[in-house]
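Geometric and topological summary
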Amino acid sequence: MHAARATHSPPVGADGHAPLSHASLAVVQLQLGAVRIAVEAACVQSLAPCADDAPWPTLEAVLGLPTPVPLGPRRCLSLRLLPGSTPPLHWSVPATLSLQHLPAPTIYPLPPLLATCCHLPGLRALSWQPEGVVLLVDVRRLGGSG
């Protein structure tokens, strides 16, 4: 006799979707100096080792953040803006990236005052996590930067 394995899946509402308390956003998260940045995982097309002389801009430069010296190990990140429509963006990013799921209740759109005076291109939302705040960047708003 085999023991039944319990499976745990979030409850589904009448509309066929998980309630907001169980929803999450899959992101690729990386550390740029003291800043934690995340982009939607659905936009990531590929990630590969990056040569020191890669012709791609650093994500730090695209966002207007200081570039560390020395750069250290890097990865080449390819992001697709829209499926099948535009060429992907290519950036050089720090080698340490992680796939995370940010719970929906921890994600907050930028307050209007912050959105008005913010100079970080593509910044769309903030997420408060136990390790600190994560800045969610919309790569579609950085289409001309890569």
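Scroll up for the structure.
Before going into details, it helps to say that this report is about the structure given with it. All figures in this text were calculated on a predicted structure; none of them were measured in a lab. (Residues numbered from 1 in each chain as written. Predicted model: local features only at pLDDT ≥ 70, side-chain atom pairs only at ≥ 80, totals over all residues. Heavy atoms only, no water.)

Focus: the overall build of the protein chain
The secondary structure content of the protein chain amounts to two helices and nine strands. Taken from N to C terminus, the helices and strands of the protein chain fall in the order β-β-β-α-β-β-β-β-α-β-β. Each of the 146 residues in the protein chain was classed as buried or not, and the buried ones make up 32%. For the protein chain, restricting intrachain contacts to residue pairs at least 6 apart in sequence, the fraction spanning at least 24 positions comes to 57%. Per element, the accessible surface of the protein chain, about 9100 Å² overall, is 62% carbon and sulfur. (Helix = DSSP H or I, 4+ residues; strand = E, 2+ residues; numbered from the N terminus. Buried < 20%, exposed > 50% of the residue type's maximum accessible area, 1.4 Å probe, protein only. Contact = heavy atoms within 4.5 Å. Areas by Shrake-Rupley, 256 points an atom, 1.4 Å probe, with all protein chains shown as cover.)

Section: the sheet that holds strand S5 (residues 89–94)
What holds strands together in a sheet is hydrogen bonding between their backbones, with the strands either parallel or antiparallel. Pairing is antiparallel across the open sheet formed by three strands, whose spatial order is S3-S4-S5. For this open sheet the edge positions go to strand S3 (44–49) and S5, each flanked by a neighbour on one side alone. Within this sheet the neighbouring strands show an average axis-to-axis angle of 25 degrees, counted without direction. Across five bridges, the pairing between S3 and strand S4 (residues 74–79) is antiparallel. When the sheet's bridge partners are listed, Pro-49 is paired in S4 with Arg-75. (Pairing = 2+ DSSP bridges. Axes fitted to C-alpha atoms, helices over the stretch in contact; angles between N-to-C directions.)

Section: the state of the cysteines
Considering all chains together, one arrives at one disulfide under this definition. The thiol of Cys-117 is not disulfide-bonded; the next cysteine sulfur, from Cys-118, is found 7.0 Å away. (Disulfide = S-S within 2.5 Å.)

A word on the pairing of strand S9 (residues 132–137)
Look at any regular strand and the pattern is simple: side chains alternate between the two faces of the sheet. Two elements, strand S2 (residues 35–40) and S9, share two bridges in a ladder whose sense is parallel. Opposite Ala-38, over in S9, you have Leu-136 as the bridge partner. Sheet analysis places strand S8 (residues 123–129) next to S9, joined by six bridges and oriented antiparallel. The residue of S9 that forms the bridge with Ser-127 is Val-134. Between S8 and S9, which pair antiparallel and follow one another directly, the connecting turn spans two residues.

Section: the packing of aromatic side chains
Centre distance and the angle of the planes are the two values used to describe a pair of aromatic rings. One pass over the full model with this rule turns up one aromatic pair. Their ring planes at 75 degrees and their centres at 5.5 Å tell us that Tyr-108 and Trp-128 sit as a pair that is edge-to-face. Taken together, the residues span a long stretch of sequence, with Tyr-108 in strand S7 (residues 107–109) and Trp-128 in strand S8 at a distance of 20 residues. Under the relative-accessibility criterion, Trp-128 is labelled partly exposed at 48%. (Phe/Tyr/Trp six-rings, centres within 6.5 Å; stacked < 30°, edge-to-face > 60°.)

Considerations on the side chain of Arg-36
Looking at the element boundaries, Arg-36 is found in strand S2. A polar contact is formed between the side chain of Arg-36 and the backbone oxygen of Gly-132, at a distance of 3.2 Å. Residues contacting Arg-36, with those up to four places away along its chain left out, are Gln-29, Leu-30, Gln-31, Gln-129, Glu-131, Gly-132, Val-133, Val-134 and Leu-135. (Polar contact = N/O pair within 3.5 Å; in protein donor to acceptor, adjacent residues only side chain to side chain.)

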